[in-house]
Amino acid sequence: MALAIKFLVNGTAGKMMHPSRIAIILSLKKHPEGLYVDQIAKDIAKQSPIHPRMVSHHLDILEEEGLIESSYELAKVPGSKRGVAVRRCVSTKKAEEVIQDIKDSI
Amino acid sequence: MPRLTRLKEIGEYIYLTFRIRQVLLISIVALAVIPGMFIFNLPREVRLVYAYVFVAIFYISAVSLTNFFSVPIVQLIGLGLYGRKSVTREYSTPEIKELAKKMGISKAVKVYITNNRLIRGPFTNGFTGKVYLTEAWVKRFPHKEVMATLAHEFSHVKNGRRFSLEIAVVMAGVMLVTAILALHSIPVIVDIAGFAMMILMMSFLARNNEIRADVEAARAVGPEALISVFEQLKADSKKDDGSETHPSLRERIARLMKMLEEDKS
């Protein structure tokens, strides 16, 4: 409970409670191996369509808050010899703590 | 407290959506122009029915007036009444100065953060050109989104004079139309029609001003942050049909999404 108050007071929980950001976190939680931006957009689109640039924006904010970690890598894409730079994202333990604490406080 | 709850319930029951309010105002103007100009030629009974209908629509649509002025007036009263009781501090960073410069504002813009309880969201004081953000807003939204909000408000600062000029031109137009109408109708109809036209036109200009601010902010900082702010506000609010001063969040998001789609960079 004390943790929930901590995340509510410092604003982390509030920033995560955006409808798209919470959907991104839940999507990443389902895929512990990590997802690319386009994959996240496709995964969330099952509930509500989202533009990949909006996903990138939300990922930047989640990363600032320490709720996800991301790294850039080269992915093989049909038609490209060198591959394409992609951003692989995984949710952090802090994200799970915040979700759990929001649930507890409700 | 129960009395307040009851009042709130009544308020929700008689709530008219923005579209209905617009239709009522348009019908006032239409009624004033078409049968109103021939009022002297109408039979006495028809004239009486016409007067009742006209006044009834006027009273119902008067709610538009309160909607139009309530938010800015409450905020200005809030600044006056709670100005000393609340804590208001200047918020100035090189990033804010850079943003103002990027948006083409030559003079120094003053940004304040306040915990004034009558100020619900960010707003620009049209008289002083000062921008106010609430503490809750700054705490709740990520830095990027606070900057997008500021870009929107800076557009209001930048276009303040243009907006005043637009209002002046529209007022002159409304006065001209009412003067022509006055030659053919009775004063009460002319006055009410003039009032309805004024609200309609000011509403059109105010909503246009908001759209312009959204577009300019999106050009300065990208549309993503502003879309995100609107999505959050939409998720929080029960009603989203817009007002006399602001288009609905759905419309604003759709417009910015179009910009995002068109921007291939």
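Refer to the structure presented above.
Now for a description of the structure that goes with this document. The structure presented is a predicted model; accordingly, all values stated were derived computationally and were not measured.

**Digging into the overall build of chain B**
Line of reasoning, step 1. If you tally the helices and strands in chain B, you get ten helices and four strands.
Line of reasoning, step 2. Listing every helix and strand of chain B by position from the N terminus yields α-α-α-β-α-β-β-β-α-α-α-α-α-α.
Line of reasoning, step 3. Of all 265 residues assigned to chain B, the portion counted as buried reaches 32%.
Line of reasoning, step 4. Expressed as a percentage of contacts within chain B between residues at least 6 apart in sequence, the contacts between residues at least 24 apart total 72%.

**Digging into the packing of helix α3 (residues 19-30) of chain A against helix α4 (residues 37-45) of chain A**
Residues and elements named next belong to chain A.
Line of reasoning, step 1. With their axes 10 Å apart at the nearest point, α3 and α4 run at an angle of 105 degrees to one another. Judged by the angle between their axes, α3 and α4 are roughly perpendicular. Note on element contacts: α4 touches α3 through I40, D43 and I44, opposite A23, I24 and S27.
Line of reasoning, step 2. The residue inventory of the contact of α3 with α4, partitioned by class, reads four nonpolar, one polar and one charged.

**As for the packing of α4(A) against helix α5 (residues 52-64) of chain A**
Any two packed helices are characterised by how steeply their axes cross, that is the angle between the axes, and by the distance between the axes.
Residue and element names in this part refer to chain A.
Line of reasoning, step 1. The N-to-C vectors of α4 and α5 enclose an angle of 110 degrees; their axes lie 9 Å apart at closest approach. The orientation of α4 relative to α5 falls into the category roughly perpendicular. Counting all contacts with α4, which are made through V37, D38, I40 and A41, the residues of α5 involved are P52, V55, S56 and L59.

**Let's talk about the interface of chain B and chain A**
Line of reasoning, step 1. If you look at the interface, chain B gives 13 residues, while chain A gives 13 residues.
Line of reasoning, step 2. For the side of chain B that touches chain A, the element with the most residues is helix α9 (residues 223-236) of chain B, which contributes seven residues.
Line of reasoning, step 3. The class makeup of the residues in the side of chain B that touches chain A is six nonpolar, two polar and five charged.

**Describing α5(A)**
Working note: α-helix, 3.6 residues per turn, so residues spaced by three or four point in the same direction.
Line of reasoning, step 1. With 13 residues, α5(A) should cover 18 Å at 1.5 Å per step; its first-to-last C-alpha distance of 18 Å lies within 8% of that length.
Line of reasoning, step 2. Listed in full, the buried residues belonging to α5(A) are A:M54, A:V55, A:H57, A:H58, A:L59, A:I61 and A:L62.

**Observations concerning the nonpolar core**
Line of reasoning, step 1. Formed by 52 residues in total, the largest nonpolar core has its most connected members in A:I24, B:A151 and B:L226.
Line of reasoning, step 2. Of all the elements, helix α6 (residues 143-158) of chain B adds the most residues to this core, at seven residues.
Line of reasoning, step 3. When sequence neighbours within four positions are dropped, the list of residues in contact with B:A151 reads B:L99, B:M103, B:A217, B:A220 and B:V221.
Line of reasoning, step 4. The next biggest cluster of nonpolar side chains, apart from the first, holds 19 residues, and it includes B:V174, B:V190, B:M197 and B:A206.

Rules used in this analysis
Residues numbered from 1 in each chain as written. Chains lettered and ligands numbered in written order. Predicted model: local features only at pLDDT ≥ 70, side-chain atom pairs only at ≥ 80, totals over all residues. Helix = DSSP H or I, 4+ residues; strand = E, 2+ residues; numbered from the N terminus. Buried ≥ 20, exposed ≤ 12 C-beta atoms within 10 Å, placed from the backbone. Contact = placed C-beta atoms within 7 Å. Axes fitted to C-alpha atoms, helices over the stretch in contact; angles between N-to-C directions. Parallel < 35°, antiparallel > 145°, perpendicular 65-115°, else oblique. Nonpolar A, V, L, I, M, F, W, Y, C, P; charged D, E, K, R; others polar. Expected span 1.5 Å × (residues − 1). Core = buried A, V, L, I, M, F, W, Y, C linked by C-beta atoms within 7 Å.

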